[in-house]
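Analysis of the macromolecular model
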Amino acid sequence: MWRQTFKRIFRTGWNNFKRNSYVTVGTTGVMTLVLLVFLSLIALNFISDTIVTALQEKVDITVYFKTTAAEEEVTTIRSDIEKIFGVRSVGYVSRDQALEDFKKRHAGSALINESLAELEGNPLQASLNVKANDTSQYSAIATAIEGNKFRSSIDKINFYENEQVIQRIERISNGLRNWGLISTVVLSFIAVLVTFNTIRLTIYNQKQEIEIMKLVGGSNRHVRFPYLVEGALYGLFAGLFALMIFYPAMLYASPKIARLMPGVDTFGYFKHNAWEFIILTFAAGSMLGVFSSFIAIRRFIKI
Amino acid sequence: MIEIKNVSTAYDNDIEVLDKISLDIKDGEFVSIVGPAGAGKSTLLKLLTRELRPTNGEVVVDGVNLAEISSREVPLLRRKIGTVFQDFKLLASKNAFENVAFALEVVGATGDEIDNDVPKVLAIVGLNDKIDSFPHQLSGGEKQRLAIARALIHRPRIILADEPTGNLDLVNSYDVLKLLMKINELGTTVIMVTHNRDLVNTVGRRVVTMEKGHIVRDQVESGKYII
C-alpha cells in the first residue's frame with residue numbers, strides 16, 4: 001500500500017513538474033544559477049585556502065647571525081629556540097653552506113661569480129630557519145628569541161614582513177568568502193521566491209482537484225506531498241544542470257588557474273571529491289525546492 | 001448521530017451567519033433543510049465537515065466533538081461523510097470510473113480495491129454502462145448520480161447534499177431524489193439542503209426551516225415545505 005501511495009504521489013508531482021514547460025524552464029534555470037554560484041564559491045574557497053596554506057608554509061623566522069658570532073653561541077641559541085613552545089623545527093645553515101647555496105642559485109650569472117671571486121672571505125651569514133606548529137605562534141617565538149641571552153650575536157630576525165603579506169592575503173580571502181556567501185544567500189532567496197510562485201501557480205490551477213481531494217477525505221499526504229515532490233524535482237534537475245555546466249567549465253579553467261597560481265589543481269579537487277559534490281549539489285537543490293513548496297503549501301492549502 | 005449544540009458562526013468579516021442554533025439528527029434520518037438564500041443552510045453543512053469551525057457552541061458527529069479533532073484526523077471524519085453539490089464537482093479530465101477511483105486513490109486504496117469497488121458503486125447509481133464516459137458526455141442527472149457514486153465509495157454514515165437538484169430538470173431531480181431515498185433506506189443518514197418545494201413535500205420526512213441564521217421550524221414527521 002505504501003509503495004502504491006508513494007507511486008501515486010510521485011506520479012502526480014512529476015505530472016505537475018512537466019505540465020507547464022515554460023514555467024519549469026524558468027524555475028529550474030534560476031535554481032541552476034544559485035547552485036552554480038554555490039559551487040563557484042566552493043572553488044573560490046579551495047583556491048584561496050590552497051594559496052594561504054602554501055604561503056603559510058613559507059612563513060618562518062630566519063635568524064641571521066653576525067659574521068663574528070662564535071660557533072658555541074650559535075649552537076646554544078639553536079638549542080634554546082628548539083625548547084620554545086610551538087617550535088616545530090630549527091634548521092641550521094652555516095656560512096659555508098650559505099655560500100654554496102648562493103653560488104648554486106646564481107651559477108649562470110658571470111657578474112655575481114666575478115664579484116664573489118674579488119671578495120676575500122665569505123660575506124654571507126649563518127642562519128637558523130625556525131618553523132612553528134601554527135602560524136599564530138610565530139609572534140611569541142620571535143619575542144622569545146629577542147629575549148635570548150646571546151641576542152648580541154644575532155644580526156636580525158626576519159619575520160614581520162612575511163606576516164604582513166599573509167595577513168593581507170587572509171583578509172582578501174575572507175572578503176571574497178563573505179561576498180560569495182552573501183551572493184549565495186541572496187540568490188537562494190530569489191530561487192525560493194521563484195519556486196514558491198511556481199508551486200502557487202500549480203496549486204491555483206489544481207484548485208478543483210484539491211477541493212475534491214479534501215471533500216472525499218484525501219489524506220494530508222496525498223493533498224500536499226505531490227507539491228513537495230514537484231519542488232524537489234525542480235531542485236534535482238537544477239542540480240543536474242549545474243553539475244553538467246560546472247565540471248566541464250572547471251576542466252577548462254583549471255589549467256589557466258594553475259598557470260596563475262602554481263600548485264592549485266582546482267579540477268583535481270572537484271574530481272577527487274566528485275561523489276561528495278554530486279550529493280551536496282543535489283541535496284542543496286532539492287532542499288531549496290522542498291522548502292519553497294513547503295511554504296507555498298502552508299500558505300495556500302488549508303485542510 | 002449529529003448534535004449541534006448552541007452553535008454560532010461568523011465569517012472573517014464578523015457577520016454572524018448562524019446564531020445559537022441547536023439541532024439533533026438521529027442515525028438513519030432523512031432531513032431536508034429549507035429556507036431563503038442566506039439563511040445559513042450551506043454554512044450548517046460546512047460545520048459538519050469541519051470546513052468551518054463554530055465561533056461558539058459544539059458540533060458532535062458520531063460521538064466526536066469536531067473542535068477536539070486534529071487536522072490529521074479531519075480526513076478520517078470526511079471519509080465518514082459523503083458530499084454532493086449543485087455543481088457536481090466532477091473532474092472533467094477523468095471519466096466516470098476515474099472520478100470515483102480518485103476518491104479511493106487519495107486515501108491509499110490498492111489497485112485491486114479500486115477495480116473491485118468502483119464498478120459496484122457505479123452499478124448502484126445506475127451508471128454501469130457509462131463507466132468510460134467523461135462528464136461532458138453525461139446528462140445533468142447522470143453527472144449528479146456520478147457525484148453520488150463518489151460520495152458513496154467510502155461507505156459513509158452520512159450523506160450531505162447541498163442543492164443536489166439545483167441544476168437539474170424535474171425528471172432528473174426526482175431520479176436523484178429516489179436515489180438518495182434508496183441510500184437512506186439502506187441506513188445512511190441523509191441531510192439535504194434544497195429550495196425545491198416539490199421534492200421536500202414528496203419526501204414527506206423531517207423538514208427543518210431556517211431563516212437569518214436561526215431554526216424557525218422543525219417538523220419532525222411528515223414535514224412540508226413552509227417558508
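Not measured: the values here are computed from a predicted model.

Regarding the overall build of chain B
Counting secondary structure elements, chain B contains seven helices and ten strands. Whereas a compact globule of 227 residues would reach a radius of gyration of roughly 17 Å, chain B reaches 17 Å, a difference of no more than 12%. Expressed as lengths along the three principal axes of its C-alpha atoms, the size of chain B is roughly 45 × 40 × 35 Å. Classification of the 227 residues of chain B by burial places 45% in the buried group. A separation of at least 24 residues holds for 67% of the contacts in chain B among residues at least 6 apart in sequence.

Here we look at the overall build of chain A
Assigned secondary structure in chain A consists of eleven helices and four strands. Its C-alpha atoms give chain A a radius of gyration of 32 Å, clearly above 19 Å, the size a compact globule of 303 residues would have. Projected onto its principal axes, the C-alpha positions of chain A cover 100 × 40 × 30 Å. Once local pairs closer than 6 in sequence are excluded, the contacts in chain A between residues at least 24 apart make up 87%.

Remarks on helix α8 (residues 207-215) of chain A
Along α8 of chain A, the residues that are buried comprise Ile210, Ile212, Met213, Lys214 and Leu215 of chain A. The positive-phi residue at the C-terminal boundary of α8 of chain A is glycine 217 of chain A, with phi of around 80°.

Remarks on the confidence of the model for chain B
All names here are of chain B. Considering every residue of chain B, the mean pLDDT works out to 91; 99% of them sit at 70 or more. Across chain B, the element-wise mean pLDDT spans from 89 in helix α7 (residues 197-203) up to 95 in strand β8 (residues 189-193). Scored as a whole, the predicted complex attains pTM 0.74, and scored at its interfaces, ipTM 0.85.

Points about the interface of chain A and chain B
Taken together, the contact between chain A and chain B spans 17 residues of the former and 19 residues of the latter. Residue assignment for the side of chain A that touches chain B shows that the elements contributing at least two residues are α1 (2-19), α8 and α9 (220-260) of chain A. Here the residues of the side of chain A that touches chain B are counted per class, giving six nonpolar, eight polar and three charged.

Digging into unusual backbone geometry
Residues and elements named next belong to chain B. Of note, asparagine 6 is a non-glycine position whose phi angle comes to about 55°, a positive value. Among the residues examined, asparagine 6 registers 12 C-beta atoms within 10 Å and is labelled exposed. With phi around 50°, serine 222 is a residue other than glycine that occupies positive phi space. Residue serine 222 is classed as exposed on the basis of its 11 C-beta neighbours within 10 Å.

Remarks on the sheet that holds strand β5 (residues 64-65) of chain B
Strand pairing within a sheet occurs via backbone hydrogen bonds; the two strands may be parallel or antiparallel. All names here are of chain B. Across the sheet, which stays open at both edges, the four strands sit in the order β2-β1-β4-β5 with antiparallel pairing between neighbours. Taken across any chain shown, the strands that pair with only one partner, and hence form the sheet edges, are β2 (16-25) and β5. Of the pairings in the sheet, the one linking strand β4 (residues 56-61) to β5 comprises two bridges and is antiparallel in character. For valine 60, the partnering residue across the bridge sits in β5 and is asparagine 65. Taken strand by strand, helix α1 (residues 41-48) contacts β1 (2-10), β2 and β4, and its axis lies near 120° from that of β1.

Quick word on the packing of α1 of chain A against α9 of chain A
Residues and elements named next belong to chain A. Relative to each other, α1 and α9 sit at 50°, their axes nearing to 8 Å. The orientation of α1 with respect to α9, classified from their angle, is oblique. For the pair α1 and α9, the crossing hand works out as right-handed. Contacts between α1 and α9 involve Ile9, Phe10, Thr12, Gly13, Trp14, Asn16 and Phe17 from the former and Arg221, His222, Phe225, Pro226, Val229, Glu230 and Leu233 from the latter. Partitioned by chemical class, the residues of the contact of α1 with α9 number eight nonpolar, four polar and two charged.

Notes on the packing of helix α2 (residues 21-58) of chain A against helix α11 (residues 274-300) of chain A
All names here are of chain A. Between α2 and α11, the shortest axis-to-axis distance is 10 Å and the interhelical angle comes to 135°. Taken together, the axis directions place α2 and α11 in an arrangement best described as oblique. With respect to the hand of their crossing, α2 and α11 are arranged in right-handed fashion. The segment α2 lies against α11, with Met31, Val34, Leu35, Phe38 and Leu39 engaging Thr281, Ala284, Gly285, Leu288 and Gly289. Here the residues of the contact of α2 with α11 are counted per class, giving seven nonpolar, three polar and no charged.

Here's the deal with the sheet that holds strand β1 (residues 61-65) of chain A
All names here are of chain A. Strand order in the open sheet formed by four strands is β2-β3-β1-β4, with antiparallel pairing between adjacent strands. Only two strands of the sheet have a single partner each, and these edge strands are β2 (87-93) and β4 (154-158). Strand after strand, the sheet turns through a mean of 15° between neighbouring axes, direction not considered. In this fold helix α3 (residues 71-83) packs onto β1, β2 and β3 (127-132), with an angle of close to 165° to the strand it touches most, β2.

Describing helix α6 (residues 170-185) of chain B
Residues and elements named next belong to chain B. Taking 1.5 Å of rise per residue, the 16 residues of α6 would be expected to cover 22 Å, and the 22 Å separating its terminal C-alpha atoms lies within 8% of that figure. All buried positions along α6 are accounted for by Ser173, Asp175, Val176, Leu177, Leu179, Leu180 and Ile183. On its buried side, α6 packs onto α5 (140-152), β7 (158-162), β8 and α7. Within two residues after α6, glycine 187 carries a phi angle of roughly 115°, on the positive side.

Looking at the nonpolar core
Residues Val100, Ala149, Ile159, Leu180 and Ile191 of chain B are the most contacted members of the largest nonpolar core, which totals 104 residues. Element by element, the count of residues in this core is highest for α9 of chain A, at twelve residues. Setting aside chain neighbours within four positions, we find leucine 180 of chain B in contact with Ile159, Ala161, Val190 and Met192 of chain B. Membership of the second largest hydrophobic core comes to 14 residues, among which are Phe65, Leu128, Ile145 and Ile154 of chain A.

A few points about the environment of glutamate 185 of chain B
Residue and element names in this part refer to chain B. Within the element layout of this structure, glutamate 185 appears in helix α6. Given 11 C-beta atoms within 10 Å, glutamate 185 falls into the exposed group. C-alpha of glutamate 185 to C-alpha of isoleucine 21: the two residues are 164 residues apart in sequence and 28 Å apart in space.

A few points about the environment of leucine 111 of chain A
Mapped onto the elements, leucine 111 of chain A comes out in helix α5 (residues 110-118). For leucine 111 of chain A, a count of 8 C-beta atoms within 10 Å translates into the label exposed.

The rules behind the values
Residues numbered from 1 in each chain as written. Chains lettered and ligands numbered in written order. Predicted model: local features only at pLDDT ≥ 70, side-chain atom pairs only at ≥ 80, totals over all residues. Helix = DSSP H or I, 4+ residues; strand = E, 2+ residues; numbered from the N terminus. Rg over C-alpha atoms; globule rule 2.2 N^0.38 Å. Buried ≥ 20, exposed ≤ 12 C-beta atoms within 10 Å, placed from the backbone. Contact = placed C-beta atoms within 7 Å. pLDDT = per-residue confidence, 0-100. Nonpolar A, V, L, I, M, F, W, Y, C, P; charged D, E, K, R; others polar. Pairing = 2+ DSSP bridges. Axes fitted to C-alpha atoms, helices over the stretch in contact; angles between N-to-C directions. Parallel < 35°, antiparallel > 145°, perpendicular 65-115°, else oblique. Left-handed = near helix turned anticlockwise from the far one by under 90°. Expected span 1.5 Å × (residues − 1). Core = buried A, V, L, I, M, F, W, Y, C linked by C-beta atoms within 7 Å.

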